[in-house]
Every structure is written in structure tokens, then in C-alpha cells.
Amino acid sequence: MLRRRRFRFAILALLPTFAIFAWVRMGPIVQTMNLSVRDWDLIGTNRPFIGLANFVELFGDSLFLTALVNTAIIAFGVMLLTIPTAMVLAGLIHYRTRSRFAGFYETSVFIPHVVSLVPAAMAWKWIFDAKLGPLNALIVSLGGSPQSWLFDPNLALFSIIVLCSWQALGYAVLIYLVGFRNLPTSVYEAARLDGASGIQAFRFLSIPLLKPITLYVSVVTLVSGFNVYAQAFVLASDSQGAPGRQVRVLVLDMLENAFRNYRVGYAAAEAMVLLLIVLILTGAQFALLREKGNSK
Amino acid sequence: MTKLASLRSALCGATALAAFTLPTVAQEISILSGYPEMTPFYERVAESMKGDYPNLTVNVEPITLREHERRVALGLSSGLEGASVIELSTSTAGRYVQAGLMPAAPADISEFVSDPANFGQFFVDAASYDDTVYGVPLFRGQGALFYNTRMFAEAGLEGAPKTMDEYTDYAEKLTQRDENGNPVVSGWSLRLSGGSQGIAEKWWLILFNHGGTLIDEVSPGKWRAGYANEAGVKALGQYLDNIYDKKTVTIEMPSDAEAFEREQTAMFIRESWVIGDIAAKAPDLEYATAPLPVGSIALPVNLYVAGDGSTEDMQAAWDFAKAANEPENLVWLLENVGWLPNRTGVDFSSVTDEIEAFSAFVDYPEDYTFFTVPSIAVIEDLQTRLAAKLTEAFANPAMQGDDAAIMAFLESAAEETNAILKREGLLAE
Amino acid sequence: MTRNQRKATDFMIDVGLVLFGLLMLAPLLMLVANAFKSPAEMVAWPPTFIPANPTLDNFRSVLGETPLLLWIWNSLSFAIMSTIAIVLTSSIAGYVIAKFPFRSINVVFALFLATAIVPFEVYMIPLYFQVKDLGMLNTNQGLLIGYLVMSFGIFLIRQNVLASIPDELIEAARIDGAGELWIYWHIVLPLLRGPLAALAVLAFFQAWTSFAWPMIVATRRAAYTIEVGLALFSTGYTVDLGKLSAASACVLVPSVVAFVILRRNFVQGVASTGMKE
């Protein structure tokens, strides 16, 4: 009786939230799946079922494949740049917790993560500018030759990776800091008594102990890397005096197909590919964690 | 009440001066534009309508062209709210007209547009579909060469280049270099990067002047890539020669109107709006314009009306499109914005006499030819994909001077173009 | 290691960290500096870092030519509404899932969590058509529909309820005859103040910095959020970097200040995302 009443409250309390979820999340996700096997030109009422034709075409579409490769390079590039930097940085910040600048360290690393994307990307666009930017000014003053950061296909990708890493770093550092704070101090004490240096302790204690955190941050960074869009949009934004190379990424290609080429079904198929990638990455994370749990 | 309303709409249909029947009701229309520099013009047109429409509010909503096209696509497919005047090029508007999403012009507007005293046949056709008028012609995008006369004089050059070969020769002489031989001021600014599609559009113009075209209408409604040929090889070859052989321009150099205004390039091809832009941003620049060797693009832009506004508001929107074509407004447009009005029988001499630069757009040779972007839905997809390929070609020094390699590249690109046409059932077999 | 050596290392580390921190802030500082430059100085080579002749012209013309304040207002009201919605839905759902151990509820929870994996961009297009069908394009409500709920928020509250609200407390209230809603409102919510504040800050910044969604929902100038307004910022064919920097600075400075004030809540919120596993 009591249980019944409680159950009723639980259901009633959950219902509004669940309804919203169904309406703004699950519904659209199902619809994306549905659209991905259809051909729809946005203005017609006809949405014929065409099976997997969209997917077949995607894997022969050079623009999509370019976007896929670019996005993957960006996502993995950001991860490879961010994770080691974040770990070392968090280690140092943790070590200097009692420094009077500790608050500054945390804030300065974290601010890029919270500022609006567009102004930040604008700042970087100027920094990377081949003719006006301070980066080339620095290179020239050091005796190097100026680079066309936003025009060369490889450098343009690199520029986006730098921008994304700049933004992602703060989050990773923060998670690592939590990790460092939760590490058992006794182990470090023991290591110190055995004469291990700080670097040795970091190398042989922190890195292995923080493995679960590394795994988690890596996946989060990767997944958000696969959703890169605004950074590419702004860095190559079509201001005609100083354009940059359009780095085609998945979300950009998807939106272009949907709203510019009027191929909504095709864009939905792209979205499904994106979903699949994210599912595989998340699945891999769980698998790795479980494996670790078993080996213990 | 209903009787009164129907009486009103009857009156509206009957007379262009419909506003007089509704002197006190607040009215509202929106102007959706893809050219932010047109804003003062539309505001001026709105002002000029105050006499006929004292209670009309006109919201001018300009954004960049791409975003504008997207909002129109989304807006029209879902039904626009209120009465909107939509500024669209013929090529973009075609699919909406064909899908029945744009209403035909009312009788009085249709009459105004079809009158040969107002518009040439080319522009009437561009605003019509199946002999029905859907839009009101306004202005057109037409290209010409802009060149810096001071730099030309310093290089000992008199007058503009007259053949495509001369363009490269001139560019070589005009390029200013640093001690290492790297260009600091480009001789001829080419569109080599930027938001995809524009690259293909600019290349098309060069291609056209070499005798080719991007896609060819082989039979009515059936198309085929028209650049995997000698003209294509020459056009792409010219780009590559300028980048890698003559080194008159590099990909990362400042380009386009901004570079021209800052004297970072000696010449470039662009539409007439640059004249207005120069007047605003670099009034002291010494420059002149010249027609291109063979011909130019002429991309007509029309005003359409769509939305679910009241009959009165819709009529006001149509009257706005018509008022935009009032001679005094058009003269103002040419003088202050620089886009070329399409209406005939208007005396623009006060502007063209005073601003020499317009002559290349108005007084072109007898045999000058024009082409326009076809009104097919895939044209943007097609250009975006070609642009992606061209970008790679521009970055490939190995192809320079190797006509066979250029041809092979063009053939593979044309294959893709034809495949897209085929997908949409538009390919000429 | 001697005491002195140790001190020296610490000093070196501090110097390194301070330099790194400044490097992280440099792009933003340069952006603010650019806002005060004249057009001529903007294109000067080599670039300057501190404006030679600081001018307020950029700010004046930006505020005069663009509805910058309206865009900021749009972003602000959208972010606040989204924060309220997320805090409300997350707190009740998180509490129920933590304290009402029914099998069916666990299934619902699994579903909530599963959708967290799906990137917003995947289902953004169908969601757009839903908003369109409701006639909510170009409205704050339309924007809000994409940001009503947050899977992570539910998870965060659930973890906190499990960790900090003992069953005995709720049982005691029930024995005293309190209704379930009363318990939630008067006992649970006050105890969750900390995590709710953290969640609120997270939700606020999530909406404030959103880009792809407002980019398609808002197509009228008057409906832009500040992010979209800045991205499409142009007056004709050329972008004026000085003005753009001024506009960006107008947005940047308040959000950085807000962050510095709310830092603790924020750090707590973000740090708790790391407890997922």
C-alpha cells in the first residue's frame, strides 16, 4: 500500500522530465534514423524510402570522406596534445597547491573553456593571420620564415587542433586535479622514503594510478572533438578580404548537405555515422574499464 | 466586417494605390536581403513609400548571402510569417517557384514587369517561369576588371589587358617583390581560398573568357560539364602559371576588394558593388575599370514576395518591390551602393558621367557576351564540390605547365559534376 | 634534496605555471587590446600588443550599428530559462531515481543516460523541424526546446542524493506524516543547495556558449544570440576586425567576471563530471 503510493509519486514526479526527454531527445533521434533511409529535399512533401542508398553514396563521396578524415585528425590531435599536457600541468598545480598563485593557475587554465567560442576563435584567427598576426611576427623575429597557418591544408588542421586544445585543456586539468587529490598519500610517502624523485613518482606512480581518469578524459575529449564545428566555421569564415582554407568537418558537411544542398536524408545518414563513431568510442571505453577490473 | 474586408481586397486588386483604402491600419512587411550593403537602399525605399503607406513599418533584415539563402530555404518550406519581400537571384529562386512556394505577381506588378519599356526580355525571363511573372527585377551581378592606375603607370602599362594572355603578362609586370623575390603586392588577385563555392564561381568567369563554361545545356533541361576541354586547361593553367611559374600571387596574400583598397593587389575581377565599397573605404584610390576580354557573368537578382500576411500587407510588399524600381531610387542605388539596376529607360548619366568606373559595366563592346548561373537546384552542390577539387589543384605545383595532368584532373572533376547531374536526372546523355 | 634546492625548484615551477597561465590568457588579452586599436593600427606590421593610441571608436560604432545589447539580452534570457528548466527537471528526476528503487525507474534512468552519449548535432535537424512546426523559430522558447534537459544533470543530482541524503531522514519525515512532495521541497532541495548551484552554473554556461543550435533556430537579426550575432558580424563585404574585437570584448569581459565569481561552483560541477565511472 505504502509502496504503491510511493511508486505513484515516483512515476508522477518523473513523468514531466521523461516526457520532455521523449519529446526533445528520443523522438528526434528516432527521426534521424528514419530520415537517414529516405530521400527528402526539404521543400517537397515526398520522402520516399530508399534503403541504405544514402550510406552507400556517403562512402563514395569525396567531400564526406575528407570531412571524416579531417574530423578524426582533429579529434585525435586534440586528445594527443591535451591529455599529456593536462596531466603534467595538473601534477604541477597539485604539487603547488599551497602556492599563493594556486587560484590563478586554476582560473587561467580554465577560462578558455568557459568563454564564448566565437570571440575566442576570432582572437585565434587574428593570431594565425599570415600577414597581420602576432604568431608570424614572433616567428620572423626569431629568424624563421612566416607560415600561412590558415591556408596550408596541414597547417589549417593544426591551427584548429591548437584552438580546440586551448579550449579543452582546462576541463582535462580540472578532472586530473580531482584525481590527484584522491590519490592515496601514503604511497607517495613510501616512495619518497625509498628515495624516488618527484619525476620518478610521477612517472611510476601517478601515471598508472590515474589510468581510469586518463581513459575517461580521453573519451570525453575525443567525442567533443568529433563534434567540432564552430571553430572551423569561424577560422575560415568567409570574410572575403582574409579568408582561410575551409576545413571541412563532419558537422559542417552535414549542415551544408541539409540546408544548402537540400538533402536532409543524406545529412541524417551522416549524423548516423557520427553517432556510430561516438558509440564505438564509448563502447571501447567501457570495454577497457571492464578489462582493467577483471585483471585486478 | 467580412463584407468590408472583401471589398477592401477587391479594391487592392484593382488599384496599385491600395494604400488609400486603409489609411489608419498599421501595416508591416519584412525585407529579407542577402546583401548587407543594400540596407540603406531598402531603408530609403521604405521612406519613399511613406506618402502612400503612412502606417507601414518596414523591417529590413540583411544577413550574409549564405545565411540568407538558408533562412529562405527553411522559411519557405515551413511558411513564412507575415508579408516578406525576398531578394533572390534567379538561379536560387527557381526551385521555389517550380515547387509552387512563391506566389505569382499580381496583375498590376506583372504588367509593370512585362512592359518592354521597363525591362529587357532577358530580365523579364529571369523573373518569370512558364511565362508567368513571379518576381520584380532589381539589380544584377556583373563582373569587370578593376585596376590600380597608379601601379599600372609605374609598371609602364597603359590601359587594361585585352586578352587573357595579356592578363598574365600584365600580372607579371605589376607584381611587386621583396628582396627574396616573393610577391608583396600581387599582380593579379585570384580567388584561391575561402568559403568553398566562390572559388568555383570566380574560376568559371575566367573559364568563360577562355571559351568554356561550367555546365552546358545540351538540350532543354539537360546539362553536362563543359570544362574538361581546351578552355578548361587554359583557365586552370593560367591560375597555376600565375601561382607557381610567374609567382604573381600566393594563396595566403590578402585578396579581393579589401586588398585592392589597401593597394595590396594591382588588379582583380569583381562586380560593380566594389565601386561603392571603394568610395566608402578608400576614396583616394586611383583606379579604373575595364570590360573583360570576352564577356561576363550577369546574375539577375529579383525581389519576390511570400508569406502569410494579410492581402493588404502582401500588396504593400509588392508595391515595395515596385517602388524599389522608381528611377530616383535606382539612381541612388547605383551611386551609393554600386549594384547595377536592371531597369531600362532610366537616365543614369548623372552617375555614370561622374563616376568613370561604371563605364566598363555599362559601355561594353558590341560583341560582349553574358552568361548566367542556371536555375537548377544542384548548382551549389556542384560548385562546392568543384571548388574543393580546384582548391587542391591550386595547391599542387606539380601540375603547373603539364597540360596532360591538368586535363586528367579536369576530366575527373567533370566526371563528378556529371554524376551529380545524373543523380538529379539532369544529365544530358 | 636540500631545503634550498627544494625552494629553488618550487620557484621554477611557479614561474613556469605563471607563464603558462599568461600564455593561456594571451589570446583573450590580445582580443581586448585589439578592441582599442584604430583601423590603421589594426593592419600595421609588426602587430602591436598594447594600442599606441587607444580609441573608443570601435565600441561606439559597434553599439551604434548593431543590436549588440539585444543579442546579449537574448543570450542571457535564453541561458537563464535553460538553467531553471535544467535545475528543476534534474533535481526532481535525480532525487526520485536515487531514492525510489523500482526496477521500472532504473530502466528509465538507463534511457536518460543512454541519450547523453548521442551528440546534440546528431538529432539537431529533426528537432529543428519540431520547433518549426510549433511556430517557435526565432524565439527564445524555440531555442529553449533544445536545452530543456541535461542527462548529466540528473546523474549529478542522483550521485549527490545517494551520497549526502540518508534514507533515515526521509523515513523519519514520512513517519511524521509528511507528503512526498513536501519532503522533496522542504528536506531534499535545501540539502542539495551546493550541487544545484554547481549544476546551475554548468547549465548556464552551456546555453550561453551554444552555437550550432541558435545558428539554425535564429534567422532574424533581432533573434540572434550573441554567439550567432558575432559569427555573422559583418557590415557589407569586409569584416572590420577592430569592431569585431570590440563586440567580442563586450561579451568576453562580463562572462569572464561571472566565471571568476562563480568559479568554486563551476569547478565543483565540472569536477563531479569526472566521477562518472
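Residues numbered from 1 in each chain as written. Chains lettered and ligands numbered in written order. Predicted model: local features only at pLDDT ≥ 70, side-chain atom pairs only at ≥ 80, totals over all residues.

- The name given to chain C in an unreviewed UniProt entry is Multiple sugar transport system permease protein, and the organism recorded there is Devosia subaequoris.
- One UniProt comment on chain C, placed under Sequence similarities (unreviewed entry), says "Belongs to the binding-protein-dependent transport system permease family." (UniProt positions renumbered as here; feature names shortened; annotations may be inferred.)

- Per an unreviewed UniProt entry, chain B is named Multiple sugar transport system substrate-binding protein, and its organism is Devosia subaequoris.
- According to its UniProt record, chain B has this under Subcellular location (unreviewed entry): "Periplasm".
- Entered under Sequence similarities (unreviewed entry) in the UniProt record, the comment concerning chain B runs "Belongs to the bacterial solute-binding protein 1 family."

## Some details on the overall build of chain C
Reasoning step 1: Across its full length, chain C carries 14 helices and zero strands.
Reasoning step 2: In sequence order, chain C lays out its α and β elements as α-α-α-α-α-α-α-α-α-α-α-α-α-α.
Reasoning step 3: Dimensions of chain C along its principal axes, counting C-alpha atoms only, are 75 × 70 × 30 Å.
Reasoning step 4: Across the 277 residues that make up chain C, the buried fraction comes to 48%.
Reasoning step 5: The long-range fraction of contacts in chain C, counting pairs at least 24 apart against all pairs at least 6 apart in sequence, stands at 78%. (Helix = DSSP H or I, 4+ residues; strand = E, 2+ residues; numbered from the N terminus. Buried ≥ 20, exposed ≤ 12 C-beta atoms within 10 Å, placed from the backbone. Contact = placed C-beta atoms within 7 Å.)

## A look at the packing of helix α10 (residues 230–245) of chain B against helix α18 (residues 403–423) of chain B
Residues and elements named next belong to chain B.
Reasoning step 1: Contact geometry for α10 and α18: axes closest at 9 Å, N-to-C directions at 110°. With respect to each other, α10 and α18 are oriented roughly perpendicular. For the pair α10 and α18, the sense of crossing is right-handed. Residues Gly232, Val233, Leu236 and Gly237 of α10 form the contact with α18, whose participating residues are Asp403, Ile406, Met407 and Leu410.
Reasoning step 2: Its residues assigned to classes, the contact of α10 with α18 comprises five nonpolar, two polar and one charged. (Axes fitted to C-alpha atoms, helices over the stretch in contact; angles between N-to-C directions. Parallel < 35°, antiparallel > 145°, perpendicular 65-115°, else oblique. Left-handed = near helix turned anticlockwise from the far one by under 90°. Nonpolar A, V, L, I, M, F, W, Y, C, P; charged D, E, K, R; others polar.)

## Section: the UniProt feature "transmembrane region" (unreviewed entry) in chain C
Residue and element names in this part refer to chain C.
Reasoning step 1: Feature annotation in UniProt places "transmembrane region" (unreviewed entry) on residues 12–36, 71–98, 105–129, 141–161, 182–205 and 244–262, given in this structure's numbering.
Reasoning step 2: Helix makes up 92% of residues 12–36 and strand 0%, with an end-to-end C-alpha separation of 35 Å.
Reasoning step 3: Regarding residues 71–98, the helix share stands at 100% and the strand share at 0%, and the terminal C-alpha atoms are separated by 39 Å.

## Description of the confidence of the model for chain C
Reasoning step 1: On average, residues of chain C carry a pLDDT of 85, and 95% of them reach 70 or more.
Reasoning step 2: Scored by ipTM, the complex comes to 0.84, with pTM at 0.85. (pLDDT = per-residue confidence, 0-100.)

## Thoughts on the packing of helix α1 (residues 2–35) of chain A against helix α5 (residues 103–117) of chain C
Reasoning step 1: In the contact formed by α1(A) and α5(C), the axes pass within 11 Å of each other and the chain directions differ by 35°. α1(A) and α5(C) meet at a crossing whose hand is left-handed. Across from Ala10(A), Leu14(A), Phe18(A), Phe21(A), Arg25(A), Met26(A) and Ile29(A) in α1(A), the residues of α5(C) making contact are Ile105(C), Val108(C), Phe112(C) and Thr115(C).
Reasoning step 2: Split by residue class, the contact of α1(A) with α5(C) holds nine nonpolar, one polar and one charged.

## Some points on helix α4 (residues 90–98) of chain B
Residues and elements named next belong to chain B.
Reasoning step 1: Within α4, seven of the nine residues are buried, leaving the element largely enclosed by the surrounding structure.
Reasoning step 2: Those residues of α4 that sit buried are Thr90, Thr92, Ala93, Gly94, Arg95, Tyr96 and Val97.
Reasoning step 3: Where α4 is buried, its residues touch α3 (65–78), β3 (83–89), α6 (121–126), β4 (128–129) and β13 (295–307).

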